[in-house]
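So the chains spell out like this:
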Amino acid sequence: MSQAVASLHAQGSEGPGVVFIHGFGSDRLSWMANVPAVTQRAKVWAVDLPGHGTSPNQLVDGSIEELTAAVARAVEPVAKEIKVVVGHSLGGAIALRLSEFLADFGAGLILLAPAGQGQQLDRAFLQDFPELQDEESALNLLRRLVARERLIQPAMAKHVLSSLSDERRAALRQIAGQVHKIQSVRLPISSNAAVIWGTEDRINPVPEGLENQSDVDLVLIEGAGHLPQVENPSIVNNTILGML
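Residues numbered from 1 in each chain as written. Predicted model: local features only at pLDDT ≥ 70, side-chain atom pairs only at ≥ 80, totals over all residues. Heavy atoms only, no water.

Visitor: Which residues make up helix H5 (residues 135-142), and what are the values?
Guide: Those residues of H5 that fall on the buried side of the exposure criterion are Ala 138, Leu 139, Leu 141 and Leu 142. Buried residues of H5 fall within an arc of 165 degrees about the axis and therefore sit on the same side. Those residues of H5 that are buried are in contact with helix H4 (123-128) and helix H6 (154-163). N-capping of H5 is provided by Asp 134, with a side-chain oxygen placed 3.1 Å from the backbone N of Glu 136. (Buried < 20%, exposed > 50% of the residue type's maximum accessible area, 1.4 Å probe, protein only. Helix = DSSP H or I, 4+ residues; strand = E, 2+ residues; numbered from the N terminus. Arc of directions from axis to C-beta. Contact = heavy atoms within 4.5 Å. Polar contact = N/O pair within 3.5 Å; in protein donor to acceptor, adjacent residues only side chain to side chain.)

Visitor: Can you lay out the packing of aromatic side chains for me, pointing to particular residues and giving the numbers?
Guide: Scanning all chains against the criterion turns up three aromatic pairs. Ring centres 4.9 Å apart and planes at 45 degrees place the aromatic pair Phe 20 and Trp 31 in the tilted group. Linking Phe 20 in strand S2 (residues 17-21) with Trp 31 in the loop between S2 and helix H1 (35-38), this pair joins segments that are eleven residues apart in sequence. On the basis of relative accessibility, which here comes to 0%, the residue Phe 20 falls in the buried class. Ring geometry for Phe 24 against Phe 129: centres 5.7 Å apart, planes inclined by 70 degrees, an arrangement best described as edge-to-face. With a gap of 105 residues between them, Phe 24 in the loop between S2 and H1 and Phe 129 in the loop between H4 and H5 connect regions that are remote in the sequence. (Phe/Tyr/Trp six-rings, centres within 6.5 Å; stacked < 30°, edge-to-face > 60°.)

Visitor: Lay out the nonpolar core in plain terms, naming residues and giving numbers.
Guide: Grouped together as the largest cluster of nonpolar side chains are 63 residues, with contacts concentrated most on Ile 21, Phe 24, Val 71, Ile 82, Val 85, Leu 90 and Phe 129. With seven residues, helix H2 (residues 64-75) is the single largest residue contributor to this core. If near-sequence neighbours (up to four positions away) are discounted, Ile 82 is found in contact with Gly 17, Val 19, Trp 45, Val 75, Phe 105 and Ala 107. Core analysis: the next-biggest nonpolar cluster, separate from the first, contains 20 residues, Phe 20, Ala 42, Ile 240 and Met 243 among them. (Core = buried A, V, L, I, M, F, W, Y, C linked by side-chain atoms within 4.5 Å.)

Visitor: Mind laying out the packing of H2 against helix H3 (residues 90-97), listing which residues take part and the relevant values?
Guide: Put simply, H2 and H3 touch, their axes get as near as 9 Å, and they point 70 degrees apart. Comparing the axis directions of H2 and H3 gives the class roughly perpendicular. Seen along the crossing, H2 lies across H3 with a hand that is right-handed. Every residue of H3 that contacts H2 at Ile 64, Leu 67, Thr 68 and Val 71 is listed here: Leu 90, Ala 93, Ile 94 and Arg 97. For the contact of H2 with H3, the per-class residue count stands at six nonpolar, one polar and one charged. (Axes fitted to C-alpha atoms, helices over the stretch in contact; angles between N-to-C directions. Parallel < 35°, antiparallel > 145°, perpendicular 65-115°, else oblique. Left-handed = near helix turned anticlockwise from the far one by under 90°. Nonpolar A, V, L, I, M, F, W, Y, C, P; charged D, E, K, R; others polar.)

Without other data, these values stay purely geometric and don't point to any function.
Right under this line is the structure:
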C-alpha cells in the first residue's frame, strides 16, 4: 500500500525556516493571520496533512505515527533550514514527534493547544466534522473552535464543505478514530520551546495545573478558544518571531 503524503507549500525566500502544521479538519490556510508577519523575517513552509487541503486522501490507518512520518518525508529535504516548527492541536502532537523521524532534528517548537496534552480532544467534534452536510451545521460546529463566534464567517463553512468529498470524509473518519489514542509526550523544557493555549478552549481544554509547571514555557491567552492563532495572532506571531 502506498504511503500517506503530506504536501508542503513554500512562502518567502530568505531567512531561517519556519514550518506550520495545522490541526484536524483544517489546512494550511488556517495560518493566514500568521504567515504574512513571519515571512518578513523567515522562509515559511505550510503543511497540508494527509487527508487535508491539497494532500491525497490515501491512508493506512490515520494514526499519529503515519501522519508524522508523512510530514517528516515532506520536510526532510529542507530539514537543515528549519529553525522553528509551529503546530496546532493535532499538528502540535505531530511537531512533538518529528525528531523521532528525522535524524539530528533540533528545531524549536511552538505548540498551540497540542493534542495529547490537554483534557483530550472533544470526540463529538472529531466525529461530527466528517459528516457535515450543510452550511448551518458546519458554521455551528466551527464556531465551537473560538470564544468569539463572529470570527468564524460563512465563507469558512463553505470552504470546509467544498473540501468534503467522499474520499476526504473517509480519510477524516480514519484520523478522527485515532486522535483519542494519542499518548502524551513530555513537553519540551528549554528556551527553544513554547506552549500557547487559549483559556476558553472548549475543544482541547488547558490541562489542570499546567500553568503551575515552572518547567514549561506557557503562554495563556485570556479569552481565546481553540484557535489562538486566529483569535490573538499578534501574541502567536511575536512568540514565533522571538524564537528566530
